[in-house]
Amino acid sequence: MQLHHYLIFSALLFAVGLAGALTRRNGILVLVGIELMLNAANLNFIAFWRFSADPQAMQGILFVLFSIAIAAAEAAVGLALIISIYRHYKTTNLEEMNSLQG
Amino acid sequence: MLGEGIIKGMAETARNFFGSYHDADRMTTVQFPEDRIPAKENARNFPFLVFDGEDPAKGLRCVACQICEKECPPKCIYIVKDTVKKPDYIGKLQFQPRVFDIDVSVCMSCQICVEVCPFEAIKMDTDYEFGTADRFGGLLLNKQRLAKPNTYYRKIHATEAAEVDERLAAEKAKAEAKAKADAEAKARAAATAAAAKATPTPVVSPTAPAIAPAPAK
Amino acid sequence: MDEGLRSELSKQGVFTTKLTDLYNWGRKNSVWPLQFGLACCAIEMIATTMARYDLARFGAEVFRPSPRQADLMIVAGTVTKKMAPQVVRLYNQMPEPKYVIAMGACAISGGPFKQGYNVLKGIDRFIPVDVHIPGCPPRPEALIHAFMLLQKKIYAQTFTGAARPRFLDPAAPSEFPVPAFGEHDLVPPSNPAIWRAPKFDREEG
Amino acid sequence: MSELLEAPAAGSVTAAPRNYEILPKPTDDGEVGGDLLEVAMGPHHPSTHGVFRMDVVLDGEQVVKLKPVFGYLHRNHEKIAENTTYLASMPYTDRLDYLCSMTNNWAYALSVERLTGLQPPERAEYIRVITAELTRLVNHTCLVGFLLQDMGALGTPLMYAFREREIILDLFESLTGSRMMCNYMRFGGCRVDLPVGWLDQARSALDGYEEFLETFQKFLTENEILVARSQGIGVLPPELAISASITGPMLRASGVNYDLRKVDKYGIYDRFDFRVPLGDHGDVYDRYMIRVLEMQESVKILRQALRDIPGGPIVDPKAKIRGFRPKAGEAYGRIECPKGELGFYLISDGSPNPYRYRVRPPSLINLTVLEDMCLGQTVADAVIILGSVDIVLGEVDR
Amino acid sequence: MQIPFAIIAALTIVAGIAAMSLRKLVHCALCLALVFAGLAAMYLQLGAQFVGFAQILVYIGAVAILVVFAILLTNSSSSLLPTVRSRSWVFGLVVAVLVFATLVKVILASSTVAGRSLPENPLPTVKDLGTQMMTYYILPLEVMGLLLTAATIGAVIIAMQEKKPVEPLKPGSAGAPPTHP
Amino acid sequence: MIADVLNGILLMLWRVVSDQPAPLAALLPALPEALRPVVSAVLCVSPIIGVFATLFALTTLMERKGLGRIQNRLGPNRVGPFGILQPAADGLKMLTKEDIIPRSADKLVHFLAPVALAVPTLLAYAVLPYGRNLVPLDLDAGLLFFFAVGASTELAIFMAGWSSHNKYSLLGAMRAIAQMISYEIPLILSAVTVVMIAGSLSPAHIVARQDGFIWGWVPHWYVLTPWGFVGFLIFTTASLAESNRSPFDLPEAESELIAGHLTEYSGFKYALFFLAEYLGMFAISGLGVTLFLGGWQAPLPGLDWVPSYLWFFSKLILMVFIFIWIRGTVPRLRVDQLLNLAWKFLLPLALINLFTAAIWHFTAVWQFPGALLLRWLLSAVMIGGAYVVLGRALSPRKKVSLRTYRYAT
Amino acid sequence: METLDQIKSRIEGAFPGAALQIIPNESAAQQPSLVVDNASAFAVARWLRDDPALRLDYCSNVSGVDWLPAETTTKTKVKKLVNGVEQEVEEVTKTARPGYLEAVYHLYSMSLKHGPVILRLRTLDRAEQNQVPSLTPLWRGAEFQEREIYDLFGIRFDGHPDLRRILMWDGFVDHPMRKDYVEPDDYDYEPTPHDEVLEKAQKHQGTEVSA
């Protein structure tokens, strides 16, 4: 196993997430796409940590742990926003949320 | 205090749990097919027809008066009266039901047929094991299945049957006494009539009842 | 092999088992009733599961609230015309093999209420019934007796042959049409495919 | 109103009676949809005590609308009774409220006695009181069991309740022959006299019952979950209760002192010393407790009745079994059955069959306020509120 | 090592594509959970035990559930739109492909990455991780805690719905005033 | 070769029975290199499945009979001697029952849900130490693993509820998820207390830390400390909720929601759910035993000759019995009360308990006479006070109490 | 409590336009009842509820009664010339009473603990003009009972908040408690028929043969 396998896999996952976030209309799925991209990035950290010369230096792992926590916070706030918007517009379709008036 | 009541409740259930192993009051299960709760003397389920003597074809007390058929609330009794009188177990002529069917799939075990019967002919059985897969055949009880001897009646409802027997015996004795008196009176009347053949007095001959208890017709 | 010989053998420690027997043994000893009561008989049905009679001894106290997990439907009480479609629907929702006990006069024939305009004269007009228990209401012992009758019936079932049970016959339906509410009565008033009044031939004597 | 409420109830007594004329209807039919969830609970649902149906509209778990739907056990009792004789209806009354056949019998017998002027002899009156109070014990015990079942206790209280019920049913069976459907009372008396030794059996059963009531209380009444689940739930204000013709323990739980045993003094209830427990909150807990306390009072009545019962005949000699034809006229007789006021309204036209036979079912009328009590509560509360109303479908739908 | 990696990678990618392209949103959410599980497996394979378990706990146990709840709360599970793609979906796809191509090119071209394989050094234990976190990284940890708290409160406030509840009857509460027809 | 293998098997069994270390190592060298991982995996997994499936069968029977005894009746006793074949009959029937998939259901998800529930539940067994030398997978972060796989069962329940396309199912699933998420927090926090004291996330290590006896006869189990006792109570309450047992069986509340998320499941899939639910209960009880009740340690000195796994399983059965006992006694909570209990009572209590444990830990340096008593008192006052205050605050109204009633004569 | 006559005269004082009629009751119960005309029924009922001496706050029972059209024969002795001779002749006059439906309310007082006062409301006929005013706005307890009467007897209650069928299903058209209701024919299995059941069963089998 070599490092670039992981990196290419992570890039692929990132691209899938990006494509999803850009092509789907539903706000929740856009958030899901972002979540995938974040995860792809996390995989990079882990891979680099594992293939680094000194795994005892745990920056990679710690970074991912913090990132996971941030992702959880992000998901909570993002989904709360979507629910709140849904209450207002009665839709989760991003293209219909084009009016600024409250 | 939070939790106190729950602990009390759990103590109660624990008491029942352990009690069920040594305390008969706390293990109330009667294991049915093997053990049975003794039938209460008054217990009733479905009616049966009482017959005296040995032969149900002869000894049936029922005289097909059809009162129970009329009074039965769910109308589950069906009687066809015989056209001729037949001798009963002591040889007295009586009407008998040619058909006596009870549809136990309808019967509500209310005992009203027993109450209205003037002949003590229909009584309540205590048997309850009537479950069957045969809807049409198994639940329509005919005369053969309904007829049960008086000894059986005495077995399941001892007190009540004793009273009934006593009453029937008293009625019978009364009827016999009356018949006897009538016969005597008749003989006497005949004698007086024979004695006073010359005096044309109209003879009133009281008719003796054909059957022991007067049929309510 | 008849029952007597088998029980004799099992007493001697010889277990003779066929696949059918095993299958029937499993079904017979694990009959889970649907938690479903209609009227007066339901109280006696509950009483049957209670401490004095304890239907649990037969492994049948597992009253399932959802028809999907039930094997046995105890039709306990009067089936009114307003209720009949629901009963049929519930029966349809049960998975095969399923059994029905008609408990009490009302469920068998409408019972004392059969002359009523809103009372169905017997649930067997719409669904097949395995065991009938007369009585109004039947005593709890009568229900246990009928339950054991059903167990015997299950144990005697065979995989093949003309006498095989309905659920093993691919041609036989496992769902039955649900009657609709009409202007005066249920439409149809009975399911002619499973219920036909017998030609009445009264034996006299 | 103040004479109704013997003592000031918690902040509810005002000088002017409040009117609950037309129920406040917080929701319209057109509103359902969106976030609201419509659930039809029943007619086959484990919580509805039979074939009752509640069409519930939920907002999350909260009930915003609840419509009871009846008729799944409409067995045409009244129509059948109008086509048959007076006596033949007696076994049918057993099947009205099938937990309390004795009180149903009594209510019907009482109405016919009102219609015809038959007068049951004293012994029969005592037997009626004894059987009716035993019935009350059975009904209330079972109700508490079912209520706890609805609350989710896994059958244990119900099992204990039915254990005691069996003891009383044994008494009924040895008296009348049947466990549930006693068909015992007759116009102007009772059907059979007490068997030998029955009174002693009843006394010892009563001793056991008192002990059971104590342990049952210990087992349940203090349970925090029961208290938390039932206090403040399904509140029924007394004014609404009166307006909606609520009767029985449910009415008294709302603090209204109206017990037909005291008001009408039917039978011989004026001879007994007993009290009528009243609740101050009208919630599920009060309804549960009122029933428990009523059982204690019933035990008290039973003790007196079993002590004082005289000998003598059990049927009015004027009563006939066959050929019973009351004079033309009408009568309404009512008694305090365990669920409330059970009345029979009879119109006779002089024929053997009643011209009009009407049952005033307490269970049905007590359901009038079901929606009012459930609104704003959660669906789990609605289930126990229904349980605390104490309905039997045989009587609701007849 | 190769075969398990291939299986996990293929499954994860397929699940990822499914999560981004299925029509029913609940299916998307379930596939998302599958992606998370695949990634967790990959972390475990790489020896990052703690992170792998944390990934399962947080992503499957919390984020996926949150997504599912959001889907149900916004009622998007039942309403099937005529099309699920946005108007500019071609553009999005092109961008994604371009990004992927660039990344792959960079990875393959990089000299630091190329040909690097696993070192033989021992892996840190959970205890080491804890020690590091509680000493050197204590400040980020505290900040993270603060952030999480803030995010939770914020999410609750945003999603809170003000509505007037149906008041249950209370003792003494009056109903409607009498209105005679 | 074959003799070696047989010898190895016998040696392995002997090591298991006599509680000796490394039973697997006795067999593996006798096998060819290629077979070793497979055999090792099979030998780890199959006993777990076998033992716990048997335990499941016995527990269902024990539950039915125990509830029966609580309710003054006998319970199943007709199938086989004392009814012990009842679970076999039930299983056989379930296997042969028709499997209904509702027409409107999402068929794939409906099919996958029971699997998705059963697999993580089984995974959780990997890290429990069943005996002195019986840990299938001695992970460094074993506890985290346990909670991680436990958390993933929520999704399976959601799958079951959503795919059935039934209102009751969905409501039940939502309730289940809300409940499981809420109670996971006090559950984890009460476990964290132990982790903090033991200084390890490895279950085997935690059990090892509970070795020995105070004053020679009081076992060194965490449940016998004030914080440990309260932690154990919190853990038990939360695990009741996690395994959807009464009084927290709201997701399947039959008087409200028919059978919750299981409403539309029949036949084998239902059996699988049933199995998974019980397995989850065993797993979480096993964790409770490991964390608080000293795992496989003997309760009294001198009982070490009894194989350690027997202690583990007897403690496990004791916990299961308590679960059954509770089930036979209490009514069910309402949803809001359930969540209030988690968030307003258990969570603060667990936090205070954590703090108490910290104090307990740092006062361990006290060496003066009566130090233990003082530590005990201090902790008990802290945690007891919190219990009283929180318990008072939990009551929805101040007036929820027993009432007195008035009578009219 | 006052007698019904006293109540009637007080009502007549309060509502001069009200047409009241007391129906005597021959039975032992001695419960006479008061027929109120539909126009003033609601006002009278409210007066009964609110009058301080009566306070009939509790409507216990509401029943429907179906009175079929009937002929009452009255015999009067009339002096007539028969064959030129004045004779006292009994003349039979037949008056056809039209059928009507009736709602009977049993009112009690919970506060004063007396009762009953029985109120009868009558429809004009059994077909179209089958409405009476609903008393549900006065007593909630009448709600389900009036619905039931609507369902089973077909009396329409004006002013009832929720007048739907209650016991039978919505598509049902008949009113089964009426005396002339004909039950649906399902007499295909009657093993114990007699009287009217026999007739119906025979009729059923007859139709089956012809069909």
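Residues numbered from 1 in each chain as written. Chains lettered and ligands numbered in written order. Predicted model: local features only at pLDDT ≥ 70, side-chain atom pairs only at ≥ 80, totals over all residues. Heavy atoms only, no water.

Looking at this structure, I do not really get the nonpolar core. What am I missing?
Looking at soluble globular proteins, one finds that nonpolar side chains tend to be buried together. In terms of nonpolar packing, the biggest core is built from 274 residues, with Met73(C) and Tyr105(G) touching the most fellow members. The leading source of residues in this core is helix α4 (residues 122–151) of chain D, at 15 residues. Among residues more than four places away in sequence, those in contact with Met73(C) are Leu34(C), Phe36(C), Val87(C), Leu90(C), Tyr91(C), Met94(C), Tyr99(C), Val100(C), Ile101(C) and Ile127(C). (Core = buried A, V, L, I, M, F, W, Y, C linked by side-chain atoms within 4.5 Å. Buried < 20%, exposed > 50% of the residue type's maximum accessible area, 1.4 Å probe, protein only. Helix = DSSP H or I, 4+ residues; strand = E, 2+ residues; numbered from the N terminus. Contact = heavy atoms within 4.5 Å.)

Just to check I follow, could you spell out the side chain of Glu224(D) for this structure?
Relative to the elements of secondary structure, Glu224(D) occurs in helix α7 (residues 224–230). This buried residue, Glu224(D), is left without a salt bridge; Lys8(B) holds the nearest opposite charge, at 8.5 Å. A polar contact is formed between the side chain of Glu224(D) and the backbone nitrogen of Ile6(B), at a distance of 3.1 Å. (Lys, Arg positive; Asp, Glu negative; His and termini not counted. Salt bridge = Lys/Arg side-chain N within 4 Å of Asp/Glu carboxyl O. Polar contact = N/O pair within 3.5 Å; in protein donor to acceptor, adjacent residues only side chain to side chain.)

Would you mind showing me how to read the interface of chain E and chain A here?
Interface size is commonly expressed as the accessible area that is lost once the parts come together. Each partner contributes to the interface: chain E provides 83 residues, whereas chain A provides 72 residues. A buried area of about 7,100 Å², summed over both sides, lies between chain E and chain A, and 77% of it is on carbon and sulfur atoms. Linking chain E to chain A there are 0 salt bridges. If you look at where chain E meets chain A, you find 3 residue pairs in polar contact (both at pLDDT 80 or more). Of all the elements in the fold, those that place two or more residues in the side of chain E that touches chain A are α1 (2–21), α2 (25–45), α3 (49–73), α4 (89–109), α5 (126–135) and α6 (138–159) of chain E. With 12 residues, the single largest contributor to the side of chain E that touches chain A is α3(E). (Buried area = accessible area lost by both parts, 1.4 Å probe.)

How should the pattern of salt bridges be read in this particular structure?
Two side chains of opposite charge can pair, provided their charged atoms sit close to one another. Enumeration according to the criterion identifies 85 salt bridges over all chains in this entry. With a shortest N-O distance of 3.0 Å, Arg125(C) and Asp188(G) are connected by a salt bridge. Here Asp188(G) lies in the loop between β9 (156–158) and α4 (195–210) and Arg125(C) lies in the loop between α5 (105–109) and β3 (131–133), a pairing that spans two chains. Note on accessibility: Arg125(C) and Asp188(G) belong to one class, buried. Of the charged contacts, one joins Glu294(D) and Arg252(D) as a salt bridge, the two residues approaching to 2.6 Å between their closest N and O atoms. Of this pair, Glu294(D) sits in helix α11 (residues 284–308) while Arg252(D) is found in helix α9 (residues 249–253), placing the two residues 42 residues apart along the sequence. Residue classification places Arg252(D) among the buried residues on the basis of a relative accessible area of 0%. The network of salt bridges with shared partners includes Glu78(D), Glu82(D), Arg356(D), Arg358(D), Arg398(D), Glu148(G) and Lys179(G).

Can you walk me through the confidence of the model for chain G in this structure?
All names here are of chain G. Counting all residues, the mean pLDDT for chain G is 84, and 98% of those residues have values of 70 or more. The secondary structure element of chain G with the lowest average pLDDT is α4, at 69, and the one with the highest is strand β6 (residues 100–109), at 90. Confidence metrics for the complex model read pTM 0.85 and ipTM 0.84. (pLDDT = per-residue confidence, 0-100.)

Help me understand the interface of chain B and chain C in this model?
Tallying the contact residues gives 32 residues for chain B and 38 residues for chain C. Considering only the side of chain B, the residues that lose the most area to chain C are Phe32(B), Tyr128(B) and Arg135(B), jointly responsible for 19% of the buried surface there. The shortest N-O distance in the salt bridge between Arg135(B) and Asp124(C) comes to 2.8 Å. Contributions of two or more residues to the side of chain B that touches chain C are made by β5 (97–103) and α5 (143–146) of chain B. Looking at the side of chain B that touches chain C element by element, the count peaks at 3 residues for β5(B). Across the side of chain B that touches chain C, the residue classes break down as 18 nonpolar, 9 polar and 5 charged. (Nonpolar A, V, L, I, M, F, W, Y, C, P; charged D, E, K, R; others polar.)

I keep staring at the sheet that holds strand β3 (residues 62–69) of chain D and nothing clicks. Help me out?
Remark on secondary structure: sheet strands pair via backbone hydrogen bonds, oriented parallel or antiparallel. Pairing is antiparallel across the open sheet formed by 3 strands, whose spatial order is β1-β2-β3 (chain D). Of all strands in the sheet, those with a lone pairing partner are β1 (36–41) and β3 of chain D, marking the two edges. Recorded for the sheet is a direction-independent mean angle of 15 degrees between the axes of neighbouring strands. Pairing of strand β2 (residues 53–59) of chain D with β3(D) involves 7 bridges; the strand directions are antiparallel. Bridging across to β3(D), Val57(D) finds its partner in Lys65(D). Sitting on the sheet, helix α14 (residues 379–389) of chain D is in contact with β1, β2 and β3 of chain D, with an inclination near 40 degrees to β3(D). Most of the contacts of helix α8 (residues 167–198) of chain F go to β1(D), to which it runs at about 120 degrees, and overall it touches β1 and β2 of chain D. (Pairing = 2+ DSSP bridges. Axes fitted to C-alpha atoms, helices over the stretch in contact; angles between N-to-C directions.)

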